[in-house]
Every structure is written in structure tokens, then in C-alpha cells.
Amino acid sequence: MRRDDVFVVIGAGHAGAELAVQAREQGWPGRIVLVGNEQALPYHRPPLSKAYLAGSASLETLALKARSTYDKAAVDLLLGRQVSRVDRAAARVDFEDGASLHYARLAFATGGRARPLPAAASGAESASNFHYLRSLGDVDRIRTRFVPGARLSIVGGGYVGLEVAAIAVQHGLKVVVLEAASRVLARVTAPRLSSFYEQVHRAAGVDLRTGVQVDGFQLDRESGLVTQVHCSDGERVDTDLVIAGIGLLPNTELAARAGLAVDDGILVDAGSRTSDPAIVAAGDCTRFHSALYGRSIRLESVPNALEQSRSAAATVCGKERIHDSAPWFWSDQYDLKLKMVGLSHGYDQLLLRGSVEERSFSAFYLKGHRILAVDTVNRAPEFMLAKRFVAERIPVDPERLVDDAVPLKSLLPAA
Amino acid sequence: MYKLTIIEFSGKEHRLEAEDGKSVMQTAVDAMVPGIMADCGGSCSCATCHCYVDEAWIARLQPAESAERDMLECALDPQDNSRLSCQLRMTPQSDGLVVRLPKSQV
């Protein structure tokens, strides 16, 4: 590392902003450039489908760090700029506007984008009342039509869809959720949790339909607006606003074109190194081997993006900081604080602790005596403990685990 | 602008200027104080911004709400003066506030 070495970070989401500032804290001596394709100062994404959509959080409160923080860390912000190519042989980043930058070290923190809806190809995507929800710009556009009485169709019953449904119905919109699978949150939780969330949303007034494929949209010829959602069962849903949330695609194209190893995610090791020793990657755009689960995983997660970025910053500065924490996630809907730790894939037993009726319970996904993952609803103390059970692979006695009278803490091994 | 002092576990002091209404967590993040990770961005979900409020200030702050108390219950090294700094907003009442960071956040 020399004073004239440049470190370029492509992508200014949670991962990129953390990486750039952390690299300075870890001792990068030269110039640090953070490149983002949006104009706004790097911002918190989770509130977009919650407080910011509801209008209870302002743009200022969304900033990940103040502008003065980048000044203090001497991080140059290149916002509203699109990278067109990375030339590894020349160690150079080319921009669409013709400019270019040479790098000594490079980071990909390119994140992901909303998975496109196949049925939207018919032209709905250009309608001004059809939206995906990933960026600040998306939500600003949504908000112009997000008014009481409006008929909102949400395609997809995942976290984003359900969080939007909760905010919308509380805001006085008429909400329909159309989920293709037989239950909501099917990718991430057990059927018991899905049915609980379905019941909560229906009780709040959401028209929630599962097992429904969207196969097209009716567009008004004059206004160009979507007026109806067409479902494969023949159902037609009249609508004023459509929001599609059916998952995420990692932004790996730039890395793949540069010749980095990519397989549904830029491949990185526990120090966030890519297949090129001069290049690291972090966040939703990566795939890595999880020692905890013994397989390759790709996460869509803010905490993972931050942790990986801290490892990547250490690597870039010639240090070692292994990234292998238990993945965790959260989703706030109505008065429900859902916090999840671990990945449940491969569980053979689901155990509940607490009371579903009283909206305070934890669901444990077990494989034998090992807890693979835990979903907690309004049980923050148990979530904090669950992180330890999952990360440290602490075996449990299932009978004591389900007994709510036995404090979860007492199942931890004696210190 | 209010005065805010954050003392790392090592004893290193950070004397900061804090904007009205901004959280102690965000003020610390903006000033690059190590030990305040704030992974969840202030949604009271991660307890990585845990701090100990100097005794002289406890009574002058808004008490913790249930979501915060729940998180603190099983945070690492909790004490009677534990708070989540994302839930502490700087106000005229908290001008001069002093907080310390726990060992788990070095």
C-alpha cells in the first residue's frame, strides 16, 4: 500500500459505504473513491418499504452516514455515475460518460435489483403506476399514488410485499396481495409462520390471495396506466397502483464481464476476496461458503453486507478478518417485530415456544438437537439468545426448549 | 448543537458536537467512533449500539420503551444504566451527555 494507490468501490449501498469508510479506518493510505449510480447520499434501504413509504421518516434520516463523514474519512463520492466496464489487465474502471479511473485495489458492492415480473414484459413496466421497490427513486414515485382509497395490487407475498401491504392498509389504501406460491413467505419460513402472517394481514383488511399467478396486465390506451391485473385463474383485479416484489437478482454482470468467477453471485472467500487478488466483493452481489452450514450461500441482508464489508476492508489493508457470523434478518409489520437468525433449509422439526395467539412466540428449526434457525415474533430477548444458539451450534433438549416456563437463557451451557 | 462525549471501552474519549434531534448512535457513526456498529440502522433490532449512560444523566433522558428494554435484556454485559444509543435523541435536556461503550463492542 502506497500513498498514491487508489482504492475504488463500485456500488454505494450499505456494503459500499461501509467498505469505503472502513478501508480508511483500517489504514488505507491512498485515495478512496466510492462510486454510486444514484444521486442521493448512500442511504438505509430497509425503511423504504416501512417508515419512508409511510411518510414518517424523512430523506435526511435515511442517510447511512453524514456527508461530513465521507469528508472526514477522505472518501471521494462519485454519485450518479454508471460504470460501464472493468478492465482488469489495465486495472482500470471505465464510466459510461467516457471517464476512467485506475485502481490498485477494487471492490464490487453492486448489490441486487428487483427480479423482473415475467408478466410485466407486455408493457406494464413502462406504466407510471407500475413499480418495483428497491431504490429511493422507486418509493418516491410510488408515493405520488400512495393515497387513501387507492386500489393497490401487490404482486408477491415476501417481506417487501407484506411490509408494503401493512403500511398501505394502515394508510387507508385498498390492498390486494397476489402470491403465486401456496403460502406467503414460502421461501423463508415454515408453514406455521406463513399462516400466522396471512391471518394477521387478513384481519387488518388485506385481501390476500395465495396460489395465484399473475399472467398479464390491462393497460389503458390513453393514459398508459395499468387498470387491471390478470390472474391465471381468470380473476381480474381492478387497480390504481401495482407494486411487484418477487425477489432479487444479484448485480453480477459487470464482474462476470471482467472475468471474475461468478455463479449466482460473485464468488468470495471468508475474507471477501474474489478470484482476483486485487479485487474484493461484499453484500447482496456475493456468494460464499458458509462454514456454519457447510454449503455455498448468497444472502439478501443488511447485516451480512456490513459484516462482509468489514472483512473486505481488512483484506484490502492487508489484514485478516474472517466473516462467518450467523445470518440474521428482520421485518416489521404492524405491531409485529419479526427477527430471524440462521437458515432453516434442511430442518427436520419445527418447535414453537410461547403463544401464537398472544403474538409473542419463537419458532425453532431443528435438525436433531442442533438449532439451524429461529424466527422470533415480538420476542427480542429470545432473538438475542437465539443468535448464540445458532452461531455456536449449541445443542438443545427439545422438551425444555418448548417449555415457556423454562427461561431460554438457562439452556445455554454454563459459562 | 449539543455536547456529547462517548468513551470507548479502552478509555479513549470522543468529544462530539451533536445536532438537535439526531440520535446518539447516528452522531457516533457520523463521527466514525469505533464500537458503535449500528447494523440495523436504528430500528431497535440488533443491540450493536449498546452504551452505558453516565449516572448523572440517567434521570434526564426519556426512559426506554419496551422494544428497547427487550433488546437490552439479553444484550452482552447489560447494566442498570444500559441503553441503545439509537433510541437516545439529543435534546436540550441531554446537552453534555456522557456515555461509555461496553467491552463487547471493542
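Residues numbered from 1 in each chain as written. Chains lettered and ligands numbered in written order. Predicted model: local features only at pLDDT ≥ 70, side-chain atom pairs only at ≥ 80, totals over all residues.

**A few points about unusual backbone geometry**
The phi dihedral of A:Ala91 falls on the positive side, at around 50 degrees, and the residue is not glycine. For A:Ala91, a count of 18 C-beta atoms within 10 Å corresponds to the partly exposed category. Even without being glycine, B:Asp77 reaches a positive phi, approximately 50 degrees. Relative to the elements of secondary structure, B:Asp77 occurs in the loop between α2 (66-73) and β4 (82-84). (Buried ≥ 20, exposed ≤ 12 C-beta atoms within 10 Å, placed from the backbone. Helix = DSSP H or I, 4+ residues; strand = E, 2+ residues; numbered from the N terminus.)

**Points about the nonpolar core**
Residues and elements named next belong to chain A. With 155 residues, the main nonpolar core has Val 9, Leu 19, Ala 107, Ile 154 and Ala 281 as its most contacted residues. With eight residues, helix α6 (residues 159-170) is the single largest residue contributor to this core. The contacts of Ala 107, once residues within four sequence positions are left out, are Val 9, Ile 10, Leu 19, Val 280, Ala 281, Ala 282 and Ala 312. (Core = buried A, V, L, I, M, F, W, Y, C linked by C-beta atoms within 7 Å. Contact = placed C-beta atoms within 7 Å.)

**Topic: the environment of A:Ala270**
All names here are of chain A. Position of Ala 270 among the secondary structure elements: in the loop between β18 (266-268) and β19 (279-281). Exposure remark for Ala 270: the 17 C-beta atoms within 10 Å place this residue in the partly exposed category. Along the sequence, Ala 270 and Ala 121 sit 149 residues apart, while their C-alpha atoms lie 38 Å from each other. Apart from the residues within four sequence positions on either side, Ala 270 is in contact with Phe 288, Ile 322, His 323 and Asp 324.

**Quick look at the domain arrangement of chain A**
Size of an interface: often given as the accessible area lost when the parts come together. All names here are of chain A. Taken domain by domain, chain A comprises domain 1 (6-113 + 249-316), domain 2 (116-246) and domain 3 (335-411). Placing a centre on the C-alpha atoms of domain 1 and another on those of domain 2 gives a separation of 30 Å. The partner domain 2 presents 14 residues to the 10 residues of domain 1 that form the contact. When residues of the side of domain 1 that touches domain 2 are assigned to their parent elements, the largest contribution, three residues, is made by helix α2 (residues 51-54). Taken together, the residues that form the side of domain 1 that touches domain 2 break down as six nonpolar, one polar and three charged. (Domains from an automatic or database assignment. Nonpolar A, V, L, I, M, F, W, Y, C, P; charged D, E, K, R; others polar.)

**Details of the interface of chain A and chain B**
Across the boundary between the two partners, chain A contributes 21 residues, which contact 16 residues of chain B. Elements supplying a minimum of two residues to the side of chain A that touches chain B: α1 (14-25), α4 (67-72), α9 (302-316), β22 (328-333), β23 (336-342) and α10 (380-391) of chain A. The residue makeup of the side of chain A that touches chain B, split by class, is 12 nonpolar, three polar and six charged.

**Some remarks on the packing of α10(A) against α2(B)**
Remark: α10(A) packs on α2(B), axes separated minimally by 7 Å, with the N-to-C direction vectors making an angle of 30 degrees. Here α10(A) is positioned roughly parallel relative to α2(B), judged by the angle of their axes. Note on packing geometry: the crossing formed by α10(A) with α2(B) is right-handed. Two secondary-structure elements touch here, α10(A) through A:Ala380, A:Pro381 and A:Met384 and α2(B) through B:Ala67, B:Asp70, B:Met71 and B:Glu73. (Axes fitted to C-alpha atoms, helices over the stretch in contact; angles between N-to-C directions. Parallel < 35°, antiparallel > 145°, perpendicular 65-115°, else oblique. Left-handed = near helix turned anticlockwise from the far one by under 90°.)

**Considering the packing of α1(A) against α9(A)**
Residues and elements named next belong to chain A. At their nearest, the axes of α1 and α9 sit 8 Å apart, and the two run at 30 degrees to each other. Judged on the interaxial angle alone, α9 and α1 are roughly parallel. For the pair α1 and α9, the crossing hand works out as right-handed. Here His 14, Ala 15, Glu 18, Leu 19, Gln 22 and Ala 23 of α1 lie close against α9, whose contacting residues are Val 302, Ala 305, Leu 306, Gln 308, Ser 309, Arg 310, Ala 312, Ala 313 and Val 316. Of the residues assigned to the contact of α1 with α9, the class counts are nine nonpolar, four polar and two charged.

**A closer look at the confidence of the model for chain B**
Residues at a pLDDT of 70 or more form 100% of chain B, whose mean pLDDT is 93. Here the predicted complex scores 0.95 on pTM and 0.90 on ipTM. (pLDDT = per-residue confidence, 0-100.)

**Re the sheet that holds strand β6 (residues 100-102) of chain A**
Residue and element names in this part refer to chain A. Spatial strand order, β4-β5-β6: three strands in an open sheet with antiparallel pairing. Lying at the two open borders of the sheet, with one neighbouring strand each, are β4 (83-87) and β6. Pairs of neighbouring strands in the sheet enclose a mean axial angle of 15 degrees, with direction left out of account. Here four bridges tie β4 to strand β5 (residues 92-95), and the two strands are oriented antiparallel to one another. The residue of β5 that forms the bridge with Val 83 is Phe 95. (Pairing = 2+ DSSP bridges.)

**Here we look at the pairing of strand β26 (residues 370-377) of chain A**
Residue and element names in this part refer to chain A. In terms of burial, β26 is largely enclosed, as seven of its eight residues are buried. Sheet topology places β23 next to β26; five bridges connect them, and they run antiparallel. Following the sheet pairing, Val 341 is matched in β26 by Val 374. With seven bridges joining them, strand β25 (residues 360-367) and β26 adopt antiparallel strand pairing. Bridge pairing links Phe 364 to Val 374 in β26. Counting the residues that bridge the hairpin from β25 to β26 gives two residues, and of these Gly 368 lies at a positive phi of roughly 65 degrees.

**Looking at the environment of B:Gly35**
Residue and element names in this part refer to chain B. Among the structural elements, Gly 35 can be located in the loop between α1 (24-30) and β3 (50-53). For Gly 35, a count of 23 C-beta atoms within 10 Å corresponds to the buried category. In sequence terms Gly 35 and Asn 81 are 46 residues apart; their C-alpha atoms lie 17 Å from each other. Filtering out sequence-adjacent residues up to four positions away, Gly 35 remains in contact with Glu 8, Phe 9, Leu 101, Gln 105 and Val 106.

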